[in-house]
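Now for the letters of each chain:
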Amino acid sequence: MPETPTRCGFVAVVGRPNVGKSTLVNALVGRKVSIVTSRPQTTRQRVVGVATGPDAQLLFVDTPGMHRQERKALNRMMNRSAQASLADTDMVLVVTEAGRWTEEDEDVLERALAAGRPVILLLNKVDRIHPREQLLPMLESAAARGDFEAVMPISAERGENLDRLREMLERLAPEGPLLFPAEQWSDRDERFHVAEIVREKLMRRLREEVPYGLAVEVERMAESTEGRRLEIAAVVWVEREAHKAIVIGKGGEMLKAVGQAARLELRARFDRPVHLEIWVKVREHWTDRDADLRRFGYDGG
């Protein structure tokens, strides 16, 4: 009896900022592939989350939120990164927020449909819609916006309808060999994820005070001499001296709280003690210089 052929497909996950793309990718993969905060444009680089089933592998490409304003090189890079994902994919998930449609949503949808790939339009955060009878006209209105493989209500946060979505994507994926080992869940190395975890804790602690021009670079990551502890040295880069003072906080309390929160997650992630040192340095206007963007890993490719 012939074996069932395997399927493997890239799935671009696109949408305007803050519609829940990273939460969706994390839920579909079952691991924390991308950091999540309430701040728009938390995701700055493409990250591939790998979800491997018995006969199929789905490669979810989490992208920066597409936005209209491109005031700095970093904004332009994020838009290029999201656009490039559409060109190199087999399927597209356009994520929107149920009950809210904006001009930015329209821009994203136009780009997705123009890519000529199968598009599934998702109405996320349906758990916030009450009464549920309101969903039907929303779905009908969404379906009239283009030619879609499907229009589907989901809640990425609560996992609603995600099994059905995963099954549909596996059917749409082209036949072919698996591209990643079954145990691998991301295309990024651990240094990248460590830096992102530190940045996530910064953004969550700083809330509205968070400087936009904030990047994290892991300078060193190695085992201690006795081999039991993981030692990590990271630098937080900001654009102004005033931002440095905000990140450090009065008496160093902000940076201390960020370090503690990051250390707890990293200890659980690596299942071993972690020693984390964080410094804050200033590099003026780094968000508007291509060389600095490349240094911090923002290539937009």
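Caption draft 1: Just helix α6 (residues 190–206), in detail. In this model α6 runs 24 Å from its N-terminal to its C-terminal C-alpha over 17 residues, within 8% of the 24 Å that 1.5 Å per residue would give. Taken from the residues just after α6, arginine 207 is the one with a positive phi, measuring 50°.

Caption draft 2: Geometry of the packing of helix α7 (residues 241–248) against helix α8 (residues 253–270). Direction vectors running N to C along α7 and α8 enclose 60°, while the axes themselves pass 5 Å from each other. Classified by the interaxial angle, the pair formed by α7 and α8 is oblique. Side by side, α7 and α8 meet where Ile246, Val247 and Ile248 of the first sit next to Glu253, Met254 and Leu255 of the second. Taken together, the residues that form the contact of α7 with α8 break down as five nonpolar, no polar and one charged.

Caption draft 3: Here's a closer look at the pairing of strand β4 (residues 91–97). Here β4 lies mainly inside the structure; seven of its seven residues are buried. Here β4 shows two buried faces, one formed by Met91, Leu93, Val95 and Glu97 and the other by Val92, Val94 and Thr96. Note: strand β1 (residues 7–14) against β4, four bridges, orientation parallel. The partner of valine 14 across the bridge, within β4, is valine 94. Across six bridges, β4 lies against strand β5 (residues 119–124) in parallel orientation. Counterpart to valine 95 in the pairing with β5 is leucine 122. Taken together, β4, helix α3 (residues 103–114) and β5 constitute a β-α-β crossover, and its handedness is right-handed.

Caption draft 4: A look at the sheet that holds strand β8 (residues 230–238). Judged by pairing direction, the sheet is mixed, and its three strands sit side by side in the order β7-β8-β9 without closing on themselves. Where the open sheet ends on each side, the last strands, each with one partner, are β7 (214–223) and β9 (274–282). Looking at each pair of strands side by side, their axes are set apart by 20° on average, direction ignored. Looking at chain direction, β7 and β8 are connected through nine bridges and run antiparallel.

What counts, and at which threshold
- All residue numbers here refer to positions counted from 1 along the written sequence of the relevant chain.
- Since the coordinates come from a predicted model, pLDDT governs what is reported: local features require at least 70, and pairs of side-chain atoms require 80 or more to be given and counted, while whole-chain, interface and lining totals use all residues.
- Excluding hydrogens and water, the side-chain figures rest on all heavy atoms present in the structure.
- Every helix listed is a DSSP run of H or I at least four residues long, and every strand listed is a run of E at least two residues long, numbered separately from the N terminus.
- Expected span of a helix, by definition, is 1.5 Å for each gap between consecutive residues, and there is one gap fewer than residues.
- Helix axes use the C-alpha atoms of the stretch in contact, all axes being lines fitted to C-alpha atoms, and the angles between their N-to-C directions lie in the range 0 to 180 degrees.
- By the definition adopted for this analysis, an angle is roughly parallel if under 35 degrees, roughly antiparallel if over 145, roughly perpendicular if from 65 to 115, and oblique otherwise.
- Whether two residues are in contact is decided by their heavy atoms, any of which lying within 4.5 Å being enough.
- Any residue that is not Ala, Val, Leu, Ile, Met, Phe, Trp, Tyr, Cys, Pro, Asp, Glu, Lys or Arg is counted as polar, Gly included; the first ten are nonpolar and the last four charged.
- Exposed residues in this analysis have more than 50% of their type's maximum accessible area, buried residues have under 20%, and partly exposed residues fall in between, with area computed by a 1.4 Å probe over protein chains only.
- When DSSP finds two or more bridges between a pair of strands, those strands are recorded as paired.
- Handedness rule for crossovers: strands pointing away from the viewer, path from the first strand over the helix to the second running clockwise, crossover right-handed.

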